[in-house]
Amino acid sequence: MVAAAPDDQAAIALLATAWRLAGDPRHAPLCEDPALVTAQRISTPAGWADLPAFLADLAAALEALHGWQAHPLEQSIRHGSQTQVDLSRLDVPVVRALFAALDAPIRAHIAGLGSGDDPVRRRAAGGYRFAGAWSVRLRAGGFHKDHVHPAGWLSSAFYVALPDAVERAPQGWLALGRPGVPTRPVLAPFRHIRPEPGMVALFPSYLWHGTEPFTGDAPRLTVAFDVVPG
């Protein structure tokens, strides 16, 4: 499958899962190379006194877009909602400011990859473009099923507002590496990332990722996007 469609992130994810189950040493450089995953805070955009003030305005703008009470069909969300517009094209000042602020961490991530012939590095040419962006609002007990983004290159999670439960591992944390398909034996995540307001996590689109359930009353509000070379 990968030979026929070398950029199909779902095919790469299945190959990586097979390698992990078989104890194949090719799994580690494909999925567990530290350079493939970064987590950085954005700088405060111009026009806001500090990052908390910016995030508060961004949260208000995103909440206005979350009109649905349930997750979309055929999506990974459970007990939450997802916006239905491409946020990277939305003409709202605070949202535009977010995507301008994301440029520096995205470029730093790409630069930090270096060169190579793996499925991420061989496509890196310095530039990028957004290939869809959306917001997710999870309620208490909410989570993302483990999944990948078949048409992506780099995927993300940007944290806008978080419940207090994220202070208790691993509630609401980003889980990496737990397959979204049944395996025998069951495979656990090989990494968790604790979210922080204003932080963006970037990782290969073929890397299985999900969100651990959390408790409490406060929602978990994020922005996610895919980028492709451009």
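Refer to the structure printed above.
Since the model is a prediction, treat every value here as computed from it, not as a measurement.

### Notes on the layout of surface pockets
Moving on, step 1. What the second largest pocket holds in volume is close to 160 Å³.
Moving on, step 2. What lines the second largest pocket is Val2, Pro6, Ile12, Leu15, Pro29, Leu30, Asp33, Asp117, Asp118, Pro119, Arg121 and Arg122.
Moving on, step 3. Elements supplying a minimum of two residues to the lining of the second largest pocket: helix H1 (9-22) and helix H2 (27-31).
Moving on, step 4. Broken down by class, the residue content of the lining of the second largest pocket amounts to 7 nonpolar, no polar and 5 charged.

### Quick look at the pattern of salt bridges
Moving on, step 1. Counted under the stated rule, the structure contains 13 salt bridges.
Moving on, step 2. Here Arg96 and Asp91 are joined by a salt bridge, their closest N and O atoms 2.2 Å apart.
Moving on, step 3. A relative accessible area of 62% places Asp91 in the exposed class.
Moving on, step 4. Each of Asp7, Arg122 and Arg123 takes part in salt bridges that share partners, so that together they form one network.

### Some details on empty space enclosed by the protein
Moving on, step 1. Using the criterion set out here, one finds 1 cavity of 30 Å³ or more in the structure.
Moving on, step 2. The calculated volume of the largest cavity comes to roughly 70 Å³.
Moving on, step 3. Taken together, Ala13, Ala16, Thr17, Arg20, His27, Cys31, Gly177, Pro179, Phe190, Tyr206, Leu207 and Trp208 form the lining of the largest cavity.
Moving on, step 4. For the lining of the largest cavity, the elements supplying multiple residues, two or more each, are H1 and H2.
Moving on, step 5. No other element matches the 4 residues that H1 contributes to the lining of the largest cavity.
Moving on, step 6. When grouped by side-chain class, the residues that make up the lining of the largest cavity number 8 nonpolar, 3 polar and 1 charged.

### Re the packing of aromatic side chains
Moving on, step 1. Under the defined criterion, the tally for this structure stands at 5 aromatic pairs.
Moving on, step 2. For the ring pair Trp48 and Phe54, a centre distance of 5.0 Å and an interplane angle of 80° mean the geometry is edge-to-face.
Moving on, step 3. Taking the relative accessible area as the measure of exposure, Trp48 reaches 22% and is therefore partly exposed.
Moving on, step 4. The buried category is assigned to Phe54, whose relative accessible area is 0%.
Moving on, step 5. Plain terms: the ring middles of Phe99 and Phe225 are 6.3 Å apart, the flat faces sit at 65° to each other, and that makes the pair edge-to-face.

### Here we look at the side chain of His66
Moving on, step 1. For His66, the position within the fold is in the loop between helix H3 (51-63) and strand E2 (77-82).
Moving on, step 2. Engagement of the side chain of His66 in a polar contact is seen with the side chain of Ser135, the distance being 2.9 Å.
Moving on, step 3. Apart from residues no more than four positions distant in its own chain, His66 is found in contact with Ser81, Gln82, Thr83, Ser135, Val136, Arg137 and Leu221.

Cut-off values and rules
- Residues numbered from 1 in each chain as written.
- Predicted model: local features only at pLDDT ≥ 70, side-chain atom pairs only at ≥ 80, totals over all residues.
- Heavy atoms only, no water.
- 1 Å grid on protein atoms, 1.4 Å probe; cavity = no way out; pocket = protein on both sides within 12 Å on 5 of 7 lines; lining within 4 Å.
- Points joined across faces, edges and corners; volume = space filled by probe spheres on them.
- Helix = DSSP H or I, 4+ residues; strand = E, 2+ residues; numbered from the N terminus.
- Nonpolar A, V, L, I, M, F, W, Y, C, P; charged D, E, K, R; others polar.
- Salt bridge = Lys/Arg side-chain N within 4 Å of Asp/Glu carboxyl O.
- Buried < 20%, exposed > 50% of the residue type's maximum accessible area, 1.4 Å probe, protein only.
- Phe/Tyr/Trp six-rings, centres within 6.5 Å; stacked < 30°, edge-to-face > 60°.
- Polar contact = N/O pair within 3.5 Å; in protein donor to acceptor, adjacent residues only side chain to side chain.
- Contact = heavy atoms within 4.5 Å.

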